[in-house]
Amino acid sequence: MPHILIAGKLHPAGLALLDGTAGVTYTHVEEISEASYQTHLSRADGMVIRTQPMTAASVAKAERLQIVSRHGVGYDAVDVAALNARGIPLCIVGDVNSVSVAEHAMMQILACAKQLIRSDRAVRNGPWGWRNKLEQGEVSGKRLLIIGYGRIGRHLATMAAAFGMKISAHDPYLASKGWPEGNIACANDLAAALAEADFVSVHVPKAEKPVIGVPELALMKRGAIIVNTARGGIVDEAALADALRSGQIAAAALDVFDVEPPGPDHPLLGFDQVVLTPHTAGLTAEAAERMAVASVQNVLDFFAGRLDPALVVNAPATRGTKELVK
């Protein structure tokens, strides 16, 4: 009988799925920290994990562990090499929150264009006459560059097109593999695309260096707007603060940060033209339910021998540990 460790708060639908499945037991630790689940690792045959780290030390303590399922699509905080060393698959939930994230990015684009924070403060604290500065702008007819044209980027493109935006996307992987059907232009030259964009929204995994750093910010049109709902570190936060201070960038919106939560001295907290949200783009009530069910189902499918291999991010290192194919 496999025992499953749930690390982090889980939507009741995920727990209901476990409760309704014969032959499994589970432990649920709601606190989101690596320390909180340490005492339960020795019993875990499978694990569902939220955003907290899972380091090599934790993997070593989980001597019975056979499968790890991320409650989401990113896995930056999981030591994949440690899992690979033991042939333990790491799976993600697939396409369950792409619409939620795209909606959030669209909301942030509009909030920046309309200077939502300053508008709200003008009503609450004054001066009402702020409205006459005409700092708000329109998105219709403006150029949006989407960096990363996967599911989220494509949903965002559809939404932005409905607002009349002119859209292009930069995605070298898709450009070489085969560009998706539709009328979204492929921007192969990132530097040229950044120079033309009024808005930039990033939807790519975190890399060794920022995708938008000092050189990229310098290339951008003065007064452009940046949105990041992907991962902290994709946009250089210190460089962004400097660009906002100089007026090179007019406004920005971040849902993700290098360090979460950001400290009280974070350089972006002092700007009222910056919209900050606490990594909630994919955490709508609807998406949370889908993620909970999908992340639990992945573990159950693994032990039933039918886990979809497309959801396993380290499949080459784990082949032969258990039959994964449906």
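Before reading on, note that the structure itself is shown above.
Read on for a plain summary of the structure. Owing to the predicted nature of the structure, the values given are computational and were not obtained by experimental measurement. (Residues numbered from 1 in each chain as written. Predicted model: local features only at pLDDT ≥ 70, side-chain atom pairs only at ≥ 80, totals over all residues. Heavy atoms only, no water.)

A look at helix H1 (residues 12-19)
- For H1, every residue scored as buried is listed here: Gly-14, Leu-15 and Leu-18. On an axial view of H1, the arc spanned by its buried residues comes to 95°, and they lie on one face. Looking at H1, the residues exposed on the side facing more than 90 degrees away from the buried face are Pro-12 and Asp-19.
- Tucked into the core, H1 has its buried residues touching strand E1 (3-7), strand E2 (25-29) and helix H11 (285-303). (Buried < 20%, exposed > 50% of the residue type's maximum accessible area, 1.4 Å probe, protein only. Helix = DSSP H or I, 4+ residues; strand = E, 2+ residues; numbered from the N terminus. Arc of directions from axis to C-beta. Contact = heavy atoms within 4.5 Å.)

Considerations on the sheet that holds strand E5 (residues 90-91)
- In spatial order, the strands read E2-E1-E3-E4-E5; together these 5 strands make up an open sheet with parallel pairing. Of all strands in the sheet, those with a lone pairing partner are E2 and E5, marking the two edges.
- Bridge analysis of E1 against E2 gives 5 bridges, and the strand direction is parallel. The residue of E2 that forms the bridge with Ile-6 is His-28.
- Contacts between H1 and the sheet are confined to E1 and E2, with E2 contributing the most and set at about 160° to the helix.
- Of the strands in this sheet, E1, strand E3 (46-49), strand E4 (67-70) and E5 are in contact with H11, which crosses E4 at around 160°. (Pairing = 2+ DSSP bridges. Axes fitted to C-alpha atoms, helices over the stretch in contact; angles between N-to-C directions.)

Considerations on the nonpolar core
- Residues Leu-145, Ile-147, Leu-217, Leu-240 and Ile-249 are the most contacted members of the largest nonpolar core, which totals 30 residues.
- Ignoring anything within four residues of it in the chain, the contact list for Leu-217 reads Ile-212, Ile-226, Ala-239, Leu-240, Ala-243, Gln-248 and Ile-249.
- Residues Ala-113, Met-165, Ala-169 and Val-227 belong to the second largest nonpolar core, which totals 25 residues. (Core = buried A, V, L, I, M, F, W, Y, C linked by side-chain atoms within 4.5 Å.)

Quick look at the packing of H1 against H11
- At a minimum axis distance of 7 Å, the contact between H1 and H11 shows a crossing angle of 30°. In this view, H1 runs roughly parallel relative to H11, as classed from their interaxial angle. By crossing handedness, the relation of H1 to H11 is classed as right-handed. Judged by residue contacts, Ala-13, Gly-14, Leu-17 and Leu-18 of H1 engage Glu-289, Ala-292, Val-293, Val-296, Gln-297 and Leu-300 from H11.
- Grouping the amino acids of the contact of H1 with H11 by side-chain chemistry returns 7 nonpolar, 2 polar and 1 charged. (Parallel < 35°, antiparallel > 145°, perpendicular 65-115°, else oblique. Left-handed = near helix turned anticlockwise from the far one by under 90°. Nonpolar A, V, L, I, M, F, W, Y, C, P; charged D, E, K, R; others polar.)

Comments concerning the pairing of E1
- The buried fraction of E1 is high, at 5 of 5 residues.
- Of the two faces of E1, the one holding His-3, Leu-5 and Ala-7 and the one holding Ile-4 and Ile-6 are both buried throughout.
- Tracing the backbone out of E1, into H1 and back to the parallel element E2 gives a crossover that is right-handed.
- Where E1 meets E3, 4 bridges bridge the pair, whose relative direction is parallel. By the bridge assignment, Ile-4 is partnered in E3 with Gly-46. (Right-handed = clockwise from strand over helix to strand, strands pointing away.)

What to know about the packing of helix H4 (residues 98-113) against helix H6 (residues 151-162)
- Contact pair H4 / H6: the axes reach a minimum separation of 8 Å and the direction vectors enclose 50°. The orientation of H4 relative to H6 falls into the category oblique. Crossing hand, H4 versus H6: right-handed. In this structure, H4 contributes Ser-98, Val-99, Val-101, Ala-102, Glu-103, Ala-105, Met-106 and Ile-109 to the contact, and H6 contributes Arg-151, Ile-152, His-155, Leu-156, Met-159 and Ala-160.
- Counted by class, the contact of H4 with H6 contains 10 nonpolar, 2 polar and 2 charged residues.

Quick look at unusual backbone geometry
- Cis geometry is adopted by the peptide bond preceding Pro-127, which originates at Gly-126 and carries an omega value of 0°.
- Looking at where Pro-127 falls in the secondary structure, it is placed in the loop between helix H5 (116-124) and strand E6 (143-147).
- In this structure, Pro-261 follows Glu-260 across a cis peptide bond, with omega equal to -5°.
- Here Pro-261 lies in the loop between strand E11 (249-254) and strand E12 (274-276).
- Phi at Leu-134 is positive, roughly 55°, even though this residue is not glycine.
- Of note, Leu-134 is situated in the loop between H5 and E6.
- Although it is not a glycine, His-279 adopts a positive phi angle of roughly 55°.
- With respect to the helices, strands and loops of the structure, His-279 is situated in the loop between E12 and H11.

Just geometry here; none of it tells us what the structure is for.
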